[in-house]
Amino acid sequence: KEILQNQESQAAMKQLMSDEIMNLIHENMKPRDTIMAYYRCAIMEVETKFKVLNEQFSLEYDRNPIESIKSRTKSMESLAKKIRDRNIPSSLEAIEENINDIAGVRVICSFCEDIYMLANCLLKQDDITLIEIKDYIKKPKPNGYRSLHLIISVPIFLKDEKRDMKVEVQLRTIAMDFWASLEHKIRYKKNLSEDLQKELAEELLYCANQSAELDMKMQKIRNKI
Ligand code: GTP
Ligand code: MG
């Protein structure tokens, strides 16, 4: 009887312990972690929308306009840096209000025309709100950077709440992505002389224009089919 009682109290103790631990976790779960989880949910929503479009095109036209999708939430370090650099109050509300790229979805497309087709399909959806659009394809950055950027708001549906979250969507071709990845790596190389920096910038701009021409040629080839 004593052993039985002992086992029962052990089980009760275990239950109590895990309840207590769960409460502790909930009490200590920082609002920041909750917000970051919401941004991850928003990424899932946006990714799914693009995957659905890709699936439909694959069914109807036997081709995939999307080569790949890469998503990320902003790291705490770069978020902290942006808050500091832009003098944003460090309340969660101010951060949500002022920082548009905590959630980022990058869609790599096969052809340049697919970028606009996909962007239009996304923006037509009745739960998507366009906040800002930057067309660095029609108007490339002075360094040669090309991509179509959308800041959108997308709802996520929680247990008993609907929450609108901002997501930065970058749409680009494989060639634009190739250039941007290498340019990013080179840009963060430290201790380069000013002359070398200037020389690299010129060469990068040349490469950006070359790859834009290549994108155009590939589009023309495809349009013949
Ligand atoms: P930031 O996110 O602080 O740069 O805000 P912004 O208003 O300047 O945004 P913009 O739309 O110009 O760029 C946002 C993102 O696009 C960056 O975080 C990069 O991922 C990408 N991007 C913009 N310009 C360049 C560039 O010159 N080179 C590369 N590799 N990426 C770029
Ligand atoms: Mg950014």
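Before any of the text, the structure's been laid out above.
All figures in this text were calculated on a predicted structure; none of them were measured in a lab.

So, how was this worked out
- Residues numbered from 1 in each chain as written.
- Chains lettered and ligands numbered in written order.
- Predicted model: local features only at pLDDT ≥ 70, side-chain atom pairs only at ≥ 80, totals over all residues.
- Heavy atoms only, no water.
- Near = heavy atom within 4 Å.
- Polar contact = N/O pair within 3.5 Å; in protein donor to acceptor, adjacent residues only side chain to side chain.
- Helix = DSSP H or I, 4+ residues; strand = E, 2+ residues; numbered from the N terminus.
- Nonpolar A, V, L, I, M, F, W, Y, C, P; charged D, E, K, R; others polar.
- Salt bridge = Lys/Arg side-chain N within 4 Å of Asp/Glu carboxyl O.
- Patch = residues over 30% accessible without salt bridge, like charges linked within 9 Å, V, L, I, M, F, W, Y side chains within 5 Å.
- Areas by Shrake-Rupley, 256 points an atom, 1.4 Å probe, with all protein chains shown as cover.
- Lys, Arg positive; Asp, Glu negative; His and termini not counted.
- Charge placed at Lys NZ, Arg CZ, Asp CG, Glu CD.

Engineer: How should I be thinking about the site of ligand 1 in this particular structure?
Structural biologist: Of all residues adjacent to ligand 1, which total 16 residues, the nearest are K134, Y136, N143, H149 and E183. Take R86: an N or O atom from its side chain is 2.8 Å from an oxygen atom of ligand 1. One nitrogen or oxygen atom from the side chain of D101 is found 3.2 Å from an oxygen atom belonging to ligand 1. Of all the secondary-structure elements, those providing two or more residues to the shell around ligand 1 are β5 (161–173) and α6 (174–187). Counting residues per element, the shell around ligand 1 draws most heavily on α6, at four residues. Along the lines of polarity and charge, the residues of the shell around ligand 1 split into three nonpolar, four polar and nine charged.

Engineer: Help me understand the pattern of salt bridges in this model?
Structural biologist: Where charged atoms from two side chains of opposite charge approach closely, those side chains can pair. The tally for this structure, following the rule as stated, stands at 15 salt bridges. Measuring nitrogen to oxygen at the nearest pair gives 3.8 Å for the salt bridge that ties R32 to D33. Here the salt bridges share partners, and the residues they tie into one network are R72, K74, K82 and D101.

Engineer: Where do I start with a negative patch on the surface in this structure?
Structural biologist: Taken together, E194, D195, E199, E202 and E203 make up a surface patch of like negative charges. With respect to the element layout, D195 can be found in helix α7 (residues 194–223).

Don't take any of this as a statement about function, it's just geometry.
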